[in-house]
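Listed here are the chains, written in short residue letters.
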Amino acid sequence: MKIYYINNDFDYELDKLTRMFFPNEKLEAVKTLEETPVKPYIIVKLTDESSQKHIFTEISIGEFTNRSEKTLSPNDDAELEAALLLYSSFIKLTSVTPPWGVLTGVRPIKLFRKLIEEGGIDYAADRFKNTFHVSDEKTALTIETERSETEILRLTTPKSFSLYIAVPFCPSRCSYCSFVSASTERTKHLIEPYTQLLCRELEKTAEIVSKLGLHLESVYMGGGTPTTLSADQMSRVLGTVRRLFDMSGCREFTVEAGRPDTITPEKLAAMKSAGVDRISINPQTLNDEILKRIGRRHTAADVFRSFEDARDCGFDHINADLIAGLPGESAESFMNTLDGITALSPESVTIHTLSMKRASDLTQSGKMIDRDEAQTACAMISYADKKLHECGYKPYYLYRQSRMVGNLENTGWSKPGKEGYYNVFIMDESQSIIACGAGAVTKITDDCGRLERIFNYKYPYEYINSFEEVLKRKEGIEQLYDQFR
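So, a few notes on the structure that sits alongside this text. Quick caveat: nothing in here was measured; it's all calculated off a predicted structure. (Residues numbered from 1 in each chain as written. Predicted model: local features only at pLDDT ≥ 70, side-chain atom pairs only at ≥ 80, totals over all residues. Heavy atoms only, no water.)

Concerning the packing of aromatic side chains
Overall, the coordinates contain 15 aromatic pairs when judged by the stated rule. Seen in terms of ring centroids, tyrosine 194 and tyrosine 463 are 5.0 Å apart; in terms of plane orientation they differ by 45°. Their pairing is tilted. Remark: tyrosine 463 occurs in helix H15 (residues 460–465) and tyrosine 194 occurs in helix H6 (residues 184–212); sequence separation between them is 269 residues. Under the relative-accessibility criterion, tyrosine 194 is labelled buried at 1%. By relative accessible area, tyrosine 463 is classed as buried at 0%. Judged by centre distance (4.7 Å) and plane angle (20°), the rings of tyrosine 220 and tyrosine 422 are stacked. Of this pair, tyrosine 220 sits in strand S9 (residues 215–223) while tyrosine 422 is found in helix H14 (residues 421–428), placing the two residues 202 residues apart along the sequence. Given a relative accessible area of 7%, tyrosine 422 falls into the buried group. (Phe/Tyr/Trp six-rings, centres within 6.5 Å; stacked < 30°, edge-to-face > 60°. Helix = DSSP H or I, 4+ residues; strand = E, 2+ residues; numbered from the N terminus. Buried < 20%, exposed > 50% of the residue type's maximum accessible area, 1.4 Å probe, protein only.)

A closer look at the pattern of salt bridges
Enumeration according to the criterion identifies 32 salt bridges in this entry. Between arginine 251 and glutamate 217 there is a salt bridge whose closest N-O contact spans 2.8 Å. One end of the pair, arginine 251, is in the loop between helix H7 (231–244) and strand S10 (252–258); the other, glutamate 217, is in strand S9, with 34 residues separating them in the sequence. Taking the shortest distance from any N to any O, the salt bridge between arginine 305 and aspartate 302 comes out at 4.0 Å. Of this pair, arginine 305 and aspartate 302 both sit in helix H10 (residues 300–312), separated by 3 residues, roughly a single helical turn. A residue is classified by how much of its surface remains accessible, and arginine 305, at 30% relative accessible area, is partly exposed. Overlapping salt bridges bring together Arg107, Lys110, Glu429, Lys443 and Arg453 as one network. (Salt bridge = Lys/Arg side-chain N within 4 Å of Asp/Glu carboxyl O.)

Details of the sheet that holds strand S5 (residues 64–71)
With mixed pairing, the 5 strands of this open sheet are ordered in space as S2-S1-S3-S4-S5. In this open sheet, the two strands that pair with only one neighbour each are strand S2 (28–30) and S5. Between one strand axis and the next, the sheet turns through 15° on average, direction left out of account. Bridge count for strand S4 (residues 52–61) against S5 is 8 bridges, and the pairing is antiparallel. Bridging across to S5, serine 60 finds its partner in threonine 65. In the packing of helix H1 (residues 11–21) onto the sheet, the strands contacted are strand S1 (2–6), S2 and strand S3 (41–49), and the crossing angle to S1 comes to about 150°. (Pairing = 2+ DSSP bridges. Axes fitted to C-alpha atoms, helices over the stretch in contact; angles between N-to-C directions. Contact = heavy atoms within 4.5 Å.)

Topic: unusual backbone geometry
Cis peptide bonds are those with omega within 30 degrees of zero, and the linkage from lysine 39 to proline 40 qualifies with -5°. Residue placement: proline 40 occurs in the loop between S2 and S3. Glycine 224 follows glycine 223 through a cis peptide bond whose omega is 10°. Along the polypeptide, glycine 224 turns up in the loop between S9 and H7. The backbone of asparagine 407 shows a phi angle near 50°, a positive value even though the residue is not glycine. Along the chain, the position of asparagine 407 falls in the loop between strand S14 (394–399) and strand S15 (410–414). At glutamate 429, a residue that is not glycine, the phi angle is positive and equals roughly 60°. On the secondary structure map, glutamate 429 appears in the loop between H14 and strand S16 (432–436). Among the residues examined, glutamate 429 registers a relative accessible area of 17% and is labelled buried.

As for the side chain of threonine 205
With respect to the helices and strands, threonine 205 occurs in helix H6. Residue classification places threonine 205 among the buried residues on the basis of a relative accessible area of 0%.

What to know about the packing of H6 against helix H17 (residues 476–484)
Viewed as axis vectors pointing N to C, H6 and H17 meet at an angle of 20°, and their least axial separation amounts to 10 Å. Taken as axis vectors, H6 and H17 run roughly parallel relative to one another. Crossing angle aside, the handedness with which H6 passes H17 is right-handed. Two secondary-structure elements touch here, H6 through Ile208, Lys211 and Leu212 and H17 through Ile477, Glu478 and Tyr481. Class assignment of the residues belonging to the contact of H6 with H17 gives a composition of 4 nonpolar, no polar and 2 charged. (Parallel < 35°, antiparallel > 145°, perpendicular 65-115°, else oblique. Left-handed = near helix turned anticlockwise from the far one by under 90°. Nonpolar A, V, L, I, M, F, W, Y, C, P; charged D, E, K, R; others polar.)

As for the pairing of strand S6 (residues 160–167)
Judged by how many residues are buried, S6 sits mostly within the fold: 8 of 8 residues are covered. Side chains of S6 alternate between two faces, with Ser160, Ser162, Tyr164 and Ala166 and Phe161, Leu163, Ile165 and Val167 buried alike. With 8 bridges connecting them, S6 and S9 associate as parallel partners. Note on S9: the bridge partner recorded for leucine 163 is valine 219. Bridge count for S6 against S16 is 5 bridges, and the pairing is parallel. Directly across from isoleucine 165, in S16, lies its bridge partner cysteine 436.

This is the structure:
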């Protein structure tokens, strides 16, 4: 479907808005209007006549044709007004009302906080509901989440940073995954040399942050699946962190253990002895048939075993990740999963909505977003909101992704005092994240909202073969801090 953007550059945001209603459609942005456009098409035209701007939209899809226009006042945001015109027409055409209205961004909480700063909480809520058409349910979720996030963000200082450690290996690739990770079936021989070099990068990083006088606030080892490392390899990496970084002010030390089939008592003991105080055990679902379909090599029984082993090892902060909207999973199955997980009483639960990433095996195999599945995902998320509140959990961070089933969200829930600090820091982008490992991205920020990135090589073999360049790029951290002073 062609979208004609005439006299404007609104294609980035309006393409995302269009995909909310037509997620499986291939879109083509065109800057010159043809004399007779071929259906289906959309026109977004901005004119400026006699010092007065005018926005015009036209949608022609199948038997449906709708034209809308608005004369803009000096204070109007032309791109937003164009989005609102299209949004109204899309609803007429599809009878679908997205729960987040016209919002397409990853960080709605950050936008809400900015609106609070402009005019207060009532002003922000009014803008969400009456300008952006966010539902009452999602506005209430935003208000509650923003309150939790703000309490955590108040803890950080300009000299604070978080450390991210990437372990880009997995026992197998899940069908929905698009992360940079390598199956251990093909790359097992790379894990040991990768571990050795990762420790060297951590050593270099520790030297830099010490020289800059930075304060470590949280550590997060993610992936991939960090527990694809052996207990010995895990001890070496975590021990390097413990030995070289000042941990005295560190509020949280997380390892995303992830796949229950990679978690052993020996690895749990290695994490515990290194000072890890928070782990994730991520079943995604407790439906064994769905686990097989998505390429997970574990069962629900493995999840329960991993929880028991972690508790026996002394872990008193366990997070569990679940996914709403997995292909073939019913609302009842998801509810049974959530009931089973809350019965284990994890300190935090993260509810993801399936995102149909283009690079995932699921999408590559031809799977498309289905409207009935979207409605099922909405029912799952609504149940999770109700159930988790009843069990004493509160939302503490939230973000959205493109091509999410039902245009929903990912939300982290926790019991009081058990929030995941790193999750808030990385999503708000107000604290520097210094990252090590393949695929890791360092993000240096300052009080003015400036943010610069330093990228490591994506794949383990690139990281290993070009490691001296990895160390050289780390020197850019000092340069950025000097630049931001």
